[in-house]
Amino acid sequence: MLTFVALASVLLLGIVPEQTEAIAIYTGWERHALLGSDIRLSCSFFSWRLTSDDVTFSWTYRPDGSRDSISIFHYTSGQAYVDNKGPFRDRVEFVGNPGKRDGSILIKNLDYNDNGTFTCDAKNPPDIVGRPSSVRLLVFETVPIQAGVITGAIIGVVLGLLVLIVVIYYLMRFLVARRVFSLSVSKHGKKKREGSQARQGPAPTADPTKVKAASSEKKKQESRKDKK
């Protein structure tokens, strides 16, 4: 009976509570940075509702080897608040855009002691139920080559070799085809010349009797000239 009365009162007064939906929060997984440099830690969220004026972002930090987290930054009601006692009190800057669901922060002048896990939590009322997202920061004197870079380089080399093999294959096919064509043209021209000579027939041979008679006649004529 009391439950029925309560529901009736809510309906009559028009104060039905707004349904809450889940919110999804995103950060990177792991970031590498150089000693003394600055780094941007990104945080964004997805919500089915429009961005509320009461949107909030909160960042906490847990050093490597520690179980306890400390609050380092909070954004609410359009204002950014940085913890004024922790290790990042003078080194954290808000660089996000709440209207675009961006709650990113910038950490300046990184030190080895900054190695640890940074966790971002966001609320977009009435969507306030969501799992915070974390990103691990590793500070190095020189940034190591990541596995993804090595994998990409290997893939690039393999693709380059495949392209080179294909180019060589088609170049060899072109050279072989050109050689075969040249041999075919040369052979065809040789056969054509031999056919022409065969049609003309062999040169007629001189009759020895006629050659001897002509020689004798020539000698007689020369003898007559000498007598005169």
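Rules behind the numbers
Residues numbered from 1 in each chain as written. Predicted model: local features only at pLDDT ≥ 70, side-chain atom pairs only at ≥ 80, totals over all residues. Heavy atoms only, no water. Pairing = 2+ DSSP bridges. Helix = DSSP H or I, 4+ residues; strand = E, 2+ residues; numbered from the N terminus. Patch = residues over 30% accessible without salt bridge, like charges linked within 9 Å, V, L, I, M, F, W, Y side chains within 5 Å. Areas by Shrake-Rupley, 256 points an atom, 1.4 Å probe, with all protein chains shown as cover. Salt bridge = Lys/Arg side-chain N within 4 Å of Asp/Glu carboxyl O. pLDDT = per-residue confidence, 0-100. Contact = heavy atoms within 4.5 Å.

## As for the pairing of strand β6 (residues 70-76)
No. 1: Of the pairings in the sheet, the one linking strand β5 (residues 56-63) to β6 comprises five bridges and is antiparallel in character. In the sheet register, Phe57 faces β6, and the bridge partner there is Tyr75.
No. 2: The loop that links β5 with its antiparallel partner β6 comprises six residues; one of these, Gly65, has a positive phi angle of about 85°.
No. 3: For β6 and strand β7 (residues 79-82), the ladder comprises four bridges, and the chain directions are antiparallel. Each bridged residue has a counterpart across the sheet, and for His74 the counterpart in β7 is Tyr81.

## Examining a nonpolar patch on the surface
No. 1: Together, Val157, Leu161, Leu164, Ile168, Leu171, Met172, Phe174 and Leu175 make up a nonpolar patch on the protein surface, roughly 780 Å² of accessible area in all.
No. 2: Inspection of the secondary structure assignment puts Ile168 in helix α2 (residues 147-200).

## Points about the confidence of the model for the chain
No. 1: The predicted model of the chain has a mean per-residue pLDDT of 81, with 72% of residues at 70 or higher.
No. 2: Considering only residues more than four positions removed or in separate chains, one finds that residues 1-17, a stretch of pLDDT under 50, has four contacts.

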